[in-house]
Amino acid sequence: MRIDNYISDLLYRYECVTIPGFGSFITQHKPAKVHYNTNAFYPPSKSIAFNEQLKSNDGLLTKYVAEAQNISYEEATKKIEATVLSWRKTLLSKERIALKNIGELWSNEDEKILFQPSYHLNYLTDSFGLSSFVSPSITREELKKDVEKIEEKAPIAFTPERRKNRSYLKYAAIFLLAVSAGTIGYRLVDIQKENQVQVAQQEAQEQIERDIQKATFFDTAPLEIPSITLKVEKQPLKYHIVAGAFRVEENADKKVNQLIEKGFDAERIGKNKYGLHQVTYASFADVPEALTFLREVKKTESSEAWLLVDEIK
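Every residue gets a number counted from 1 within its own chain, in the order that chain's sequence is written. With the structure being a predicted model, the display of local features is reserved for residues of pLDDT at least 70 and the display and counting of side-chain atom pairs for 80 or more, all residues being used for whole-chain, interface and lining totals. The basis for every side-chain value is the complete set of non-hydrogen atoms in the structure, without hydrogens or water.

Enquirer: Would you take a moment to explain the sheet that holds strand β6 (residues 97–99) for this structure?
Expert: Within a sheet, neighbouring strands are paired by backbone hydrogen bonds and run either parallel or antiparallel to one another. Reading across from one edge, β6-β7-β8 is the order of the 3 strands in this open sheet, with antiparallel pairing throughout. Either end of the sheet is taken by a strand with one partner, and the two such strands are β6 and β8 (113–117). When the angles between neighbouring strand axes are averaged without regard to direction, this sheet yields 20°. Set on the sheet, helix α3 (residues 73–92) makes contact with β6, β7 (103–107) and β8; between it and β6 the angle comes to about 130°. Strand pairing requires that DSSP identify at least two bridges connecting the strands. Every helix listed is a DSSP run of H or I at least four residues long, and every strand listed is a run of E at least two residues long, numbered separately from the N terminus. For helices, the fitted axis covers only the stretch in contact; all axes are lines through C-alpha atoms, and the angles between them, taken along N-to-C directions, range from 0 to 180 degrees. It only takes one pair of heavy atoms within 4.5 Å for two residues to be counted as in contact.

This is the structure in structure tokens:
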């Protein structure tokens, strides 16, 4: 029995998944990062590690296998034990164990189990829809350095002149001083006005607070409290269990009616990029709930059902 699919499902929800008598897969949150040499952006994710020291049965994997295959806990325990025995024989023969979307296991010369994680799947549910990408580098203009370069190439030199030939400079200087003084005077008036406005606003605020306190402690008249309506935003149903895609619209409607008669919350969710009308068994807002429903549909209804992640509703 292959249990890597069940381990993969549990890694979405738990930080440690133990294979009894073999070891544990441990996840750890990794923040988003940027590779500055390649300008590549990587979203937040979960890193996977393996620890062969943690092998005590905590019941998590066994219970999940029993529920998924609709068998007893004892039968699930025997199947997991048989799988672990097969894995150990593979490791003794110096072969690798490939676990889908998890990684590879092998043993070294000291009979210690080594693990190489797979990077094809991000087990952090908060990062669904996010993928890595490469962004072009941002070029920033440094105006200060440009100005310094210009001044180095073309320095400004002041040549002293005789006062008798530049007597008008004295009057120009007096004129500039007068204009500056006037400007400063106007600015002082503006500052005084701003201060007066701030004082008035502060006094008005203090008066309002006094009125509120008076109304709170001395007014015995009942207050009319307006009713409050809370609007709760509904989470989008972006995880869809797809039953099929049809070229003819009538066939898609026929499939929807058939699934509704069987008790499914079936509907059409539009066309895909190939122009096919997609029909779903049901849609969910929660990943674990969608995965549990998908596994049940594969077992009881159709093995070709699959999960579509698309916020289209």
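The structure having been displayed, the exposition proceeds.
Enquirer: Please clarify how the environment of S283 should be interpreted in this entry.
Expert: Here S283 is to be found in strand β12 (residues 277–284). It is 8.0 Å that separates the C-alpha atoms of S283 and D265, two residues lying 18 residues apart in sequence. Residues adjacent in sequence count toward polar contacts only when both atoms are side-chain atoms; beyond that, a polar contact is any pair of N or O atoms within 3.5 Å, and within protein one must be able to donate a hydrogen and the other to accept it. A distance of 2.7 Å separates the side chain of S283 from the side chain of H240, its partner in a polar contact.

Enquirer: Sorry if this is basic, but what is going on with the packing of aromatic side chains here?
Expert: Two aromatic rings, taken as a pair, are described by how far apart their centres are and by the angle between their planes. Centres within 6.5 Å are what make two rings of Phe, Tyr or Trp a pair, Trp counting through its six-membered ring; a difference in plane orientation under 30 degrees is then read as stacked, over 60 as edge-to-face, and the rest as tilted. Applying the stated criterion across every chain, the model contains 9 aromatic pairs. With a centroid separation of 5.4 Å and 65° between ring planes, the pair formed by F25 and F115 is classed as edge-to-face. With F25 in strand β2 (residues 23–30) and F115 in strand β8, this pair connects stretches of sequence that are 90 residues apart. Buried residues are those whose accessible area, probed at 1.4 Å on protein chains only, stays under 20% of the maximum for their type, while exposed residues exceed 50% and partly exposed ones sit between those limits. Take F25: its relative accessible area is 0%, and that puts it in the buried class.

Enquirer: Would you mind showing me how to read unusual backbone geometry here?
Expert: In most cases, non-glycine residues show a negative phi, while peptide bonds are predominantly trans. Non-glycine residue N70 carries a positive phi angle of around 55°. Note that N70 resides in the loop between α2 (60–69) and α3. We classify N70 as exposed; its relative accessible area is 65%.

Enquirer: It is not clear to me how the pattern of salt bridges should be interpreted in this structure. Could you clarify?
Expert: A pair can form between side chains of opposite charge whenever their charged atoms are brought close. For this analysis, a salt bridge means a side-chain nitrogen from Lys or Arg found within 4 Å of a carboxyl oxygen belonging to Asp or Glu. Applying the stated rule across the entire model yields 8 salt bridges. Of the charged contacts in the structure, one is a salt bridge between D253 and R268, with a shortest N-O distance of 2.7 Å. Linking D253 in helix α6 (residues 249–261) with R268 in strand β11 (residues 267–271), this pair joins segments that are 15 residues apart in sequence. On the basis of relative accessibility, which here comes to 31%, the residue R268 falls in the partly exposed class. K262 is paired through a salt bridge with E301; the nearest N and O atoms lie 2.8 Å apart. Of this pair, K262 sits in the loop between α6 and β11 while E301 sits in the loop between α7 (287–300) and β13 (306–309); the two residues are 39 residues apart in sequence, bridging distant segments of the chain. Take E301: its relative accessible area is 30%, and that puts it in the partly exposed class. Overlapping salt bridges bring together E249, D253 and R268 as one network.

Enquirer: Got a minute to help me understand the side chain of D9 in this structure?
Expert: As for its position among the elements, D9 is in helix α1 (residues 4–11). Residue class for D9 comes out buried when judged on its relative accessible area of 8%. Within the structure, D9 has its side chain in polar contact with the side chain of R295 (distance 2.4 Å). Those residues in contact with D9 that sit more than four places away from it in its chain are Y64, L291 and R295.

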